[in-house]
Every structure is written in C-alpha cells, then in structure tokens.
Amino acid sequence: MSEVTIRRALLSVSDKTGLAELGKALAERGVELVSTGGTAKALRDAGLEVRDVSDLTGFPEMMDGRVKTLHPKVHGGLLAVRDDPAHASAMEEHGIGAIDLVVVNLYPFQQTVAKGADRDEVIENIDIGGPSMVRSAAKNHAYVTIVTDPADYDGLLAQLEEAGGATRLDFRKAMAAKAFAATATYDAAISGWFNRTDQPAHFPPRRAVASRLATTLRYGENPHQQAALYLPEFSSLGTGLPQARQLQGKELSYNNYNDANAALELVAEFAGGDPTVVIVKHANPCGVATRASLLEAWEDALACDSVSAFGGIVATNVPLDGPTAEAICKIFTEVVVAPGADEAAQAAFSKKKNLRLLLVDELPEAHRAGLSQIVIAGGLLVQDRDNGHVTRDMLKVVTKRAPTEQELNDCLFAWTVAKHVKSNAIVYAKDGATAGIGAGQMNRRDSSRIAAMKAREAAETYDWPEPRTVGSAVASDAFFPFADGLLAAAEAGATAIIQPGGSIRDEEVIQAADEAGLAMVFTGMRHFRH
C-alpha cells in the first residue's frame, strides 16, 4: 500500500521530548491515542484523551510494568497484513484492531549504565516490550508507521499534512530502517555491557559495535571515494576532534580528520608539560619541540623540516597566543588544533579564511585503554590501542657508557615522538626538539639516513654551523636487526640511542655502539605503527 491513513496510534516513550505537541497534533486529526504508564500520564496532563493499553488488551499491566504490551491484541494489530483475507478474518474473530502508528523510544539503558547504577537497576532498564513493538511495526511497514526518534515528529506531522492524514510508503520505509538501526544499536549496548561485566574473554565470541552518522565529508582520501564521520553510540573513547569547536575555516575533510587526529594524539603525550608544538604531514610528525614559550616551540618544531610543514597540521598542548598564531600564519597551514586560543590568536587566524581552527576542551588521555581496528579483505583486525609508555626506571643501560642526564632526556623525548611515526621510524632529538625524522621506510638504515638528510637540509636552510643531529639522541621504534642503522645514526652525530632491544644480534649492535662511544638504553617495548 502506498498511503496508509493514521486512525490509531500507540505511544510509549521514555524520552518525553515533544510528546505533548505530537499528541495534540494527532488528536486534532481524530487519531485515537493508546498509551502506557508514564506516557499516558504525560498525555493526560496535556489535556488529551488517552486509551490505556490495558483497556485495549483486557489485561492489566503487571510484574512492575514488565508485562503490558506483550499481547496478541497489540502485536496482532501491528503485524497483520491488512489485505490478506486470513489475517483480516483472524483480527475480526479475536477482536484485534489495527494500529497504524507506533511512537516508541526505549528505556534509557545507556544512560543508566553511564551514571554508574547497580546491576539490578541496569537490568531493569533493559527494554523488552519496546523493541518488540518497534520491530513488529518496522517489519510491517507496508501498513504501519514506526517513529523512534523525537527528531522525526515534525517530519511525521508534515507527512500527515501533505497526505491528508496518511503516510507514504517511502516515509514508512525510511522510518523502518531507522527503527531497526535503533534496536540493533540498543542490543549492541546491552551486549557490550554484558561482555564487559560478565565475560572473562578480552575478545568476546561476538562483538557488536554501534555508531551514528555525525556528518558526511566532501570525499575520502581521494576525490573518487565517498566518506563520512561516525560517532560511537556509547564508549569510553573520551573526546577528541569530533567534539572540537571549529571557529573558522572550510569543512574538515577525511584527510584533515586523520592528520589532525595524529597531531592531537601526539601532543596529548605532553599534556600538563611545558609548551609543546607538533607539526604533522600525512599522519607523520615532521617537527616537535618543547620550549619555555609556545612561540619558541613553534619556531624549533618548524625548523626540523620546514619543507614538509607546508600544508601541514599544527597541534599545541597549551592555549594559543597572538605571537604564535601570527608566526603560524606565515606558512600555509591546513588545520590548527589547541586547547584554547586567546583573542589575539583568533584575530590572527581570522585573516586566513581557509585555515581550520579547532579548539578542544581538553587533550585526550594519551595512555587511555581502548581498541583499534582495521578492515581487511574478508574481516576485521582488532587490537588494544598502543597506550604503552616507558619511564626512566624501565630503561636498561646496555653499553659501557651510560647516557648523561641530557642524553636521557633527549632519548625519552625522541622515544615519545617515535611512537607516533610510521614504521620503520627513526627520530633524532636534541634539547627537547626533533632534529630529524625518518618515517615509513622498508628498512631501518634508510630511515636513519633520511632523518639525517633532513637534518642537514635544515642546517643549510637556517645557516647553522652543523646539523642538530650532532650531539643528539636517536630513537628507533623497533630493534636494530643489524648494526648498520645504528652506525648511520652515529655518522649523523648521535651520541645516545634508545631502542627496544630483543634482536638476535643485540650483542653485535651493542658492540658497535661501544666501539663508536655511544650510550644505549633498551626499553623492552616496541612501537610499530603501520
């Protein structure tokens, strides 16, 4: 059937937003209102005539409201195929009246969990009758209209106005699709809660994940790819770019989100510390510096690789000020992310209309738990997110010479950055700033050489007497399988090495470090980032 006239509506909602207005609009069209419990009371409080479900079924609500709509006179009225003679006969024989519209939203299960309720209260907020009605109505959308979201009330009323008190099939199809997504999301929340509380397995046999569309994007990594941003319905992911306030600039693209997230995740490692600037290009850091002032941090981060910084992403761990914003505006920058910006900074950025300025209320928790996943042909790879970090007391000195205090500081700084660089990753650092970064190479030696080459180019650009790799510390995200990568770092002037260790040739690498007069520490932890 294309158009179905709405004569009887069943309303049962936890979220009462817009309920009274909807009830009045339906009543004005002569629609019979049938309802339950608190919804019926809210409608009556609005001065509307309401028929109780118990009057419809001939059975009272019972068992503390657990049983009220699970009845043939409800589900028969929802599931009957109206133009099927056998169905029509059954309805007449058993006194089942058709229900043309169902307006239901479910018990607040997610909100109950989020507020830290005890187990009994959580269980009581698992809706049974609601999802059953939603699914029955959605299945029979050829004859029944289902609405699960108060945001769709206006659309429903507009449809009734246009169609003379009826709904059209395309509208009912759209609402049915949304309804099944709502119940699937709801069940995913319940499944997730049981998995967290009652399943000992880190990875349960079945894993349901629910998300909602936040926005569609202009395109994906390339113009021929479509893209969108989804938000998890319920998780402990915390806040990040999707929750940021965009003060200016063009709409964020897929690549902007990906790159800006890489910058935000790295700068979060420095939360609560001295002013730090991170510059990212294609999801790889190309300059990081910590200094006494944000402007100094920007200047030294930029100096690491000013060529790659063009068209890059900038993130800071402290609010932006005017002088730093003015300096950033001297080069083309796609996105700037920060936990605040003063009026002078905002004024400076406003001159760059296309630059996206994003302000976050707080930086993400760098060491938070969680899962990450990658889609592969035929499946999903799921793993714990890399929240590992090392402290000084975890480091093992393996060379004859121990690192100095400054070398140790530079080792830890380089190691923090290397965690966020695509493998194979090599990061040189000196005095709290990156001196050269080699990313994404098929062997570690080449990453060492590329990082050193960038340092030499920086020295030529800024007319320094020598590259900043001289006297630096170098971090490797995984062990050196051969001594050649370490020797390449030594040739660049590094004096200290930080690496995981664990190679069958560790002794050979340690010997090479000793012969070169290097200090080297093992972390016992690697940070592959593919």
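The following refers to the structure shown. Source: prediction; values computed, not measured.

What about the layout of surface pockets?
Link 1 in the chain: Approximately 690 Å³ is the volume found for the second largest pocket.
Link 2 in the chain: Lining of the second largest pocket is provided by 23 residues; of these, Asn105, Gln110, Thr148, Ala182 and Glu233 occupy positions nearest its centre.
Link 3 in the chain: Elements with a contribution of two residues or more to the lining of the second largest pocket: strand E5 (101-105), helix H6 (109-114), helix H10 (169-198) and strand E8 (211-217).
Link 4 in the chain: With six residues, the single largest contributor to the lining of the second largest pocket is H10.
Link 5 in the chain: Looking at the lining of the second largest pocket residue by residue, the classes come out as 10 nonpolar, eight polar and five charged.

Thoughts on the side chain of threonine 145
Link 1 in the chain: Mapped onto the elements of the fold, threonine 145 is located in strand E6 (residues 145-147).
Link 2 in the chain: Accessibility expressed as a relative area gives 0% for threonine 145, which makes it buried.
Link 3 in the chain: Setting aside its immediate chain neighbours within four residues, threonine 145 contacts Ile6, Asp100, Leu101, Val102, Leu156, Thr167, Phe171 and Arg172.

Points about the pairing of strand E14 (residues 333-338)
Within a regular strand, side chains alternate between the sheet's two faces.
Link 1 in the chain: Judged by how many residues are buried, E14 sits mostly within the fold: five of six residues are covered.
Link 2 in the chain: Bridging between strand E13 (residues 312-316) and E14 involves four bridges; their strand directions are parallel. Within E14, the position partnered with alanine 315 by the bridge is valine 337.
Link 3 in the chain: Following the backbone out of E13, through helix H14 (residues 322-328) and into the adjacent parallel E14, one traces a crossover that is right-handed.
Link 4 in the chain: The pairing of E14 with strand E15 (residues 356-359) spans four bridges and is classified as parallel. Within the sheet, the bridge partner assigned to valine 335 lies in E15 and is arginine 356.
Link 5 in the chain: Between the parallel pair E14 and E15, the chain is carried across by helix H15 (residues 343-350), and the sense of this crossover is right-handed.

A look at the sheet that holds strand E3 (residues 32-35)
Link 1 in the chain: Sheet architecture is open: five strands sit in the order E4-E3-E2-E5-E6, paired in parallel fashion. Edge positions in the sheet fall to strand E4 (51-52) and E6, since each has one partner strand and no second.
Link 2 in the chain: The strands touched by helix H8 (residues 129-139) are strand E2 (8-13), E5 and E6; relative to E5, the strand with the most contacts, the crossing angle is about 145°.

A few points about the packing of aromatic side chains
Link 1 in the chain: Taken as a whole, this structure holds six aromatic pairs when the rule is applied.
Link 2 in the chain: With a centroid separation of 6.3 Å and an interplanar angle of 70°, the aromatic rings of phenylalanine 109 and tyrosine 186 are classed as edge-to-face. Remark: tyrosine 186 occurs in helix H10 and phenylalanine 109 occurs in helix H6; sequence separation between them is 77 residues. Here phenylalanine 109 matches tyrosine 186 in class, with each residue buried.
Link 3 in the chain: Centroid distance tyrosine 462 to tryptophan 464: 5.3 Å. Interplanar angle 15°. Geometry classified as stacked.
Link 4 in the chain: Assessed through its relative accessible area of 33%, tyrosine 462 is described here as partly exposed.
Link 5 in the chain: Among the aromatic residues, those joined into a ring-pair cluster are Phe109, Tyr186, Trp193 and Phe194.

A short note on the pattern of salt bridges
Link 1 in the chain: For the structure shown, the criterion picks out 23 salt bridges.
Link 2 in the chain: Glutamate 3 is the salt-bridge partner of arginine 168, the closest N and O atoms lying 3.5 Å from each other. Of this pair, arginine 168 sits in strand E7 (residues 166-168) while glutamate 3 sits in strand E1 (residues 3-5); the two residues are 165 residues apart in sequence, bridging distant segments of the chain.
Link 3 in the chain: The partly exposed category is assigned to arginine 168, whose relative accessible area is 28%.
Link 4 in the chain: You can call glutamate 3 partly exposed: its relative accessible area is 40%.
Link 5 in the chain: Notably, a salt bridge pairs arginine 44 with aspartate 52, separated by 3.0 Å at the nearest N-O pair.
Link 6 in the chain: Each of Glu3, Glu162 and Arg168 takes part in one network of salt bridges that share partners.

Criteria and thresholds
Residues numbered from 1 in each chain as written. Predicted model: local features only at pLDDT ≥ 70, side-chain atom pairs only at ≥ 80, totals over all residues. Heavy atoms only, no water. 1 Å grid on protein atoms, 1.4 Å probe; cavity = no way out; pocket = protein on both sides within 12 Å on 5 of 7 lines; lining within 4 Å. Points joined across faces, edges and corners; volume = space filled by probe spheres on them. Helix = DSSP H or I, 4+ residues; strand = E, 2+ residues; numbered from the N terminus. Nonpolar A, V, L, I, M, F, W, Y, C, P; charged D, E, K, R; others polar. Buried < 20%, exposed > 50% of the residue type's maximum accessible area, 1.4 Å probe, protein only. Contact = heavy atoms within 4.5 Å. Pairing = 2+ DSSP bridges. Right-handed = clockwise from strand over helix to strand, strands pointing away. Axes fitted to C-alpha atoms, helices over the stretch in contact; angles between N-to-C directions. Phe/Tyr/Trp six-rings, centres within 6.5 Å; stacked < 30°, edge-to-face > 60°. Salt bridge = Lys/Arg side-chain N within 4 Å of Asp/Glu carboxyl O.

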